[in-house]
Amino acid sequence: MKALIIGAGGVAGVVVAKCCQNSDVFSEIMIASRTIGRCDELKEKNQDKTETKISTAKVDANNVAELVALMNEFQPDICINVALPYQDLTIMDACLEYGVDYLDTANYEPEDTAKFEYKWQWAYKDKFEKAGLTAILGCGFDPGVTGVFSAYALKHYFDEINYIDILDCNGGDHGYPFATNFNPEINIREVSAKGSYWENGEWIETEPMEIKREYDFDQVGVKDMYLLHHEELESLGINMPGIKRIRFFMTFGQSYLTHLKCLENVGMTSIEPIMFEGKEIIPLQFLKAVLPDPASLGPRTVGKTNIGCIYQGKKDGKDVKYYIYNVCDHQEAYKEVGSQAVSYTTGVPAMIGAMMVLKGIWKKPGVFNVEEMDPDPFMEKLNECGLPWIENFNPVLVD
Ligand code: NDP
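Residues numbered from 1 in each chain as written. Predicted model: local features only at pLDDT ≥ 70, side-chain atom pairs only at ≥ 80, totals over all residues. Heavy atoms only, no water.

Caption draft 1: Broad picture of the overall build of the protein. What the protein contains, in helices and strands, is 14 helices and 18 strands. A compact globule built from 399 residues should have a C-alpha radius of gyration of about 21 Å, and the protein, at 20 Å, falls within 12% of that. Counting only C-alpha atoms and orienting by the principal axes, one finds that the protein spans roughly 55 × 55 × 40 Å. For the protein, with 399 residues in total, the buried portion stands at 57%. For the protein, the share of sequence-separated contacts (at least 6 apart) that also reach a separation of at least 24 residues comes to 72%. Accessible area for the protein stands at about 16,300 Å²; split by element, carbon and sulfur atoms hold 49% of it. Each charge class in the protein was averaged separately, 37 positive and 60 negative side chains, and the resulting centres sit 2 Å apart. (Helix = DSSP H or I, 4+ residues; strand = E, 2+ residues; numbered from the N terminus. Rg over C-alpha atoms; globule rule 2.2 N^0.38 Å. Buried < 20%, exposed > 50% of the residue type's maximum accessible area, 1.4 Å probe, protein only. Contact = heavy atoms within 4.5 Å. Areas by Shrake-Rupley, 256 points an atom, 1.4 Å probe, with all protein chains shown as cover. Lys, Arg positive; Asp, Glu negative; His and termini not counted. Charge placed at Lys NZ, Arg CZ, Asp CG, Glu CD.)

Caption draft 2: Highlighting the site of the ligand. Taken together, 28 residues surround the ligand, and among them Val11, Arg34, Thr35, Ala61 and Asn183 come closest. Here Ala8 contributes a backbone N or O atom positioned 2.9 Å from an oxygen atom of the ligand. When isolated, the ligand has an accessible area of 940 Å², and the protein chains bury 94% of it. Across the shell around the ligand, the residue classes tally to 13 nonpolar, 11 polar and 4 charged. (Near = heavy atom within 4 Å. Polar contact = N/O pair within 3.5 Å; in protein donor to acceptor, adjacent residues only side chain to side chain. Nonpolar A, V, L, I, M, F, W, Y, C, P; charged D, E, K, R; others polar.)

Caption draft 3: Molecular detail of the packing of helix α7 (residues 145-156) against helix α14 (residues 375-384). In contact at an axis separation of 9 Å, α7 and α14 are set at 120° when each is read in the N-to-C sense. In terms of orientation, α7 lies oblique with respect to α14. Considering the relative orientation of α7 and α14, their crossing is left-handed. Here α7 contributes Val145, Val148, Phe149, Ala151, Tyr152, Lys155 and His156 to the contact with α14, which in turn contributes Pro375, Asp376, Phe378, Met379 and Leu382. Across the contact of α7 with α14, the residue classes break down as 9 nonpolar, 1 polar and 2 charged. (Axes fitted to C-alpha atoms, helices over the stretch in contact; angles between N-to-C directions. Parallel < 35°, antiparallel > 145°, perpendicular 65-115°, else oblique. Left-handed = near helix turned anticlockwise from the far one by under 90°.)

Caption draft 4: Highlighting the pattern of salt bridges. Under the criterion given, the structure shown has 15 salt bridges. The partner of Arg38 in a salt bridge is Asp293, with the nearest N and O atoms 3.4 Å apart. Note that Arg38 is positioned in helix α2 (residues 36-46) and Asp293 in the loop between α11 (283-290) and β15 (304-315), a separation of 255 residues in sequence. Note that Arg213 is salt-bridged to Asp399, the shortest N-O span being 2.6 Å. With Arg213 in strand β10 (residues 212-217) and Asp399 in the segment after β18 (389-392), this pair connects stretches of sequence that are 186 residues apart. Taking the relative accessible area as the measure of exposure, Asp399 reaches 65% and is therefore exposed. Ionic contacts of the salt-bridge type, sharing partners, join the residues Lys155, Asp374 and Asp376 into one network. (Salt bridge = Lys/Arg side-chain N within 4 Å of Asp/Glu carboxyl O.)

Caption draft 5: Region of interest: the environment of Val302. You can see Val302 is positioned in the loop between α11 and β15. Under the relative-accessibility criterion, Val302 is labelled partly exposed at 43%. On a C-alpha basis, the gap between Val302 and Gln340 in space is 8.6 Å, while along the polypeptide they are 38 residues apart. Ignoring sequence-local partners within four residues, the contact set of Val302 consists of Gly171, Gly172, Asp173, His330 and Gln331.

Caption draft 6: Here's a closer look at the sheet that holds strand β17 (residues 366-369). Across the sheet, 7 strands lie side by side as β3-β2-β1-β4-β5-β6-β17; this open sheet has parallel pairing. Whereas interior strands pair on both sides, the edge strands pair on one side only; in this sheet they are β3 (53-58) and β17. Each neighbouring strand pair of the sheet contributes to a mean axis angle of 20°, computed without reference to strand direction. With 2 bridges joining them, strand β5 (residues 101-104) and strand β6 (residues 134-137) adopt parallel strand pairing. Looking across to β6, one finds that Leu103 is bridged to Ile136. Sitting on the sheet, helix α4 (residues 88-98) touches β1 (2-6), β4 (78-81), β5, β6 and β17, and the angle it makes with β5 is about 165°. (Pairing = 2+ DSSP bridges.)

Caption draft 7: Inspection of the side chain of Asn187 at higher detail. Along the chain, Asn187 turns up in helix α8 (residues 184-191). Residues within four places of Asn187 in sequence aside, it is in contact with Thr180, Phe182 and Tyr256.

See below:
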């Protein structure tokens, strides 16, 4: 079957490599992005190692007509969006116009407002239902695998889940004083925003990085982690019966935080346009241009990521605790596909989600978050495709 992959950055590199490892499902792929040179580089890197036929194209994913023309030419069976969240709606529009299933890894966010919410994409539910097409939202690791883990926990171990803590730990070291592991603009917008968590049907807002905890992560060790707002809180708050509280924590080292604070204090993380030498520029986009490209971190990054969820709830009237997580080694990911673990842990689930849709396992009309789908076949593929999971039925809880 044919997959159209939009974007040619760090995550796309992994999606391409993983599709090429699964040629029985992905017999043909097209890599289409703004800069065709990056698409061609990915083709070059993979084409001698695979049965999958690879083609490339230049496309502006903000332009629906261009996307539809490309779809008419390539005739894909699925469109995998691993460009930026700003392009989600135009790509969904193009999928509807051409008539193809859709999958992404990050929810829509308007370019001029640092706020991500599912409402814009959920508004497409009726249109996808009527067209008989499937749209899978947020199928990276977090969101993505965290939702699949939640559906799996609920299906197998709980009657109701009351508390979820999502813990995202990156114990990797790239050797730079400051760099981001995925798109710097999106990453900095996310971590400099106010934090929030979901409790008893309401959002509780916190100042950025206000809530800090320490956790001892398997195979990584003790790390400081901070509460952030994160998109899966919104969908899990609706899709998990009996839920009382969901929080999301991410680890940051002191050097990262000190640099970020300094950049914020001097105005470099702002998305308000300013005039510079007669030209309007956005400080955060300028910062992105001077920071290391996340795709270049692969060879330099050592250490491991550990991402998972701790659940508390009830089964047959008894209290149950359950922790499920994956540990991914930056260097092993690099050896396998030429990317560090943050891109790897995002790209592998995107490929598996697309495979689920193409095989008809996750195929139903409408717009869905991953926890609304059967988790079992996806969980099996995580083990086979490089992201095995570990269970702990007596975890240390986060206070
Ligand atoms: P990169 O910046 O490395 O790659 C983005 C790609 O999109 C680039 O190739 C870029 O092109 C392309 N692009 C940008 N704008 C357009 C456009 N208008 N038309 C066509 N192509 C365009 O980002 P990452 O690979 O790190 O991240 C990709 C996505 O994955 C993001 O949405 C990110 O939020 C998401 N993500 C999700 C995670 C999860 O766990 N769910 C974790 C990490 C990331 P160019 O080469 O010209 O710049």
